[in-house]
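Descriptive analysis of the structure
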Amino acid sequence: GTLAVSWSISPSVAFTPSTISALTVGRSVNMQFTGSSGTSPYTFSSTGSIPLGLSLSSGGNLTGTPTTAGSYSFSITVTDNASNSNSTNFNVTVN
């Protein structure tokens, strides 16, 4: 007999930018992360310690004004409409 096999390969969802430069206390931040290589729309979330004073919207906009100097480690995850996701770790210094 014949056995028919089919499968699908999930695309590797990505986003840019993949780095964040050093930030400065009191200087406003407005960064837009953009998803790619998947099925839009894309949603963004974070885990870990985003610099105090900043927030990440589900649309990928990192905004606010850093309030406290220090080193911060956090992860941003992008998820596409087909539930494929990818995360990037960030280590950011606030001066």
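Residues numbered from 1 in each chain as written. Predicted model: local features only at pLDDT ≥ 70, side-chain atom pairs only at ≥ 80, totals over all residues. Heavy atoms only, no water.

All right, on to the overall build of the chain then. Counting its regular elements, the chain contains zero helices and eight strands. When the helices and strands of the chain are read in sequence order from the N terminus, they spell out β-β-β-β-β-β-β-β. The dimensions of the chain, computed from C-alpha atoms along their principal axes, are 70 × 20 × 15 Å. Within the chain, the fraction of its 95 residues that count as buried is 29%. Counting contacts in the chain only where the partners sit at least 6 residues apart, residues at least 24 apart contribute 56% of the total. Summed over its atoms, the accessible surface of the chain is roughly 5,700 Å², and 48% of this surface lies on carbon and sulfur atoms. (Helix = DSSP H or I, 4+ residues; strand = E, 2+ residues; numbered from the N terminus. Buried < 20%, exposed > 50% of the residue type's maximum accessible area, 1.4 Å probe, protein only. Contact = heavy atoms within 4.5 Å. Areas by Shrake-Rupley, 256 points an atom, 1.4 Å probe, with all protein chains shown as cover.)

With 20 residues, the main nonpolar core has Ile 20, Phe 33, Phe 44, Leu 62, Phe 74, Ile 76 and Phe 90 as its most contacted residues. Among the elements of the structure, strand E2 (29-32), strand E5 (54-56), strand E7 (70-79) and strand E8 (85-94) are those that each provide at least two residues to this core. Of the residues forming this core, the biggest block, four residues, is contributed by E7. If sequence neighbours within four positions are ignored, Phe 44 has contacts with Phe 15, Phe 33, Thr 34, Gly 35, Leu 56, Ser 57, Ser 58, Gly 59, Gly 60, Ile 76, Thr 77 and Val 78. (Core = buried A, V, L, I, M, F, W, Y, C linked by side-chain atoms within 4.5 Å.)

What follows concerns the environment of Val 94. Its location among the elements puts Val 94 in strand E8. For the pair formed by Val 94 and Thr 24, sequence separation is 70 residues and the distance between their alpha carbons is 5.3 Å. Excluding anything up to four places from it in sequence, Val 94 contacts Leu 23, Thr 24, Val 25, Pro 51, Pro 66, Thr 68, Ala 69, Gly 70 and Tyr 72.

With that out of the way, let us pick up the environment of Thr 19. Relative to the helices and strands, Thr 19 resides in the loop between strand E1 (14-16) and E2. Owing to a relative accessible area of 57%, Thr 19 belongs among the exposed residues under this scheme. Sequence separation between Thr 19 and Phe 33 is 14 residues, and the spatial gap between their C-alpha atoms is 10 Å. Residues within four places of Thr 19 in sequence aside, it is in contact with Met 31 and Phe 90.

The residue Ser 21 is located in the loop between E1 and E2 in this model. As a C-alpha pair, Ser 21 and Asn 61 span 40 residues in sequence and 16 Å in three-dimensional space.

On to the sheet that holds E8, then. One open sheet holds the three strands; their spatial order is E4-E7-E8, and the pairing between them is antiparallel. Only two strands of the sheet have a single neighbouring strand rather than two, namely strand E4 (43-48) and E8. The average angle at which neighbouring strand axes cross in this sheet is 25 degrees, direction not considered. Direction of pairing for E4 relative to E7: antiparallel, over a ladder of six bridges. Counterpart to Gly 48 in the pairing with E7 is Phe 74. (Pairing = 2+ DSSP bridges. Axes fitted to C-alpha atoms, helices over the stretch in contact; angles between N-to-C directions.)

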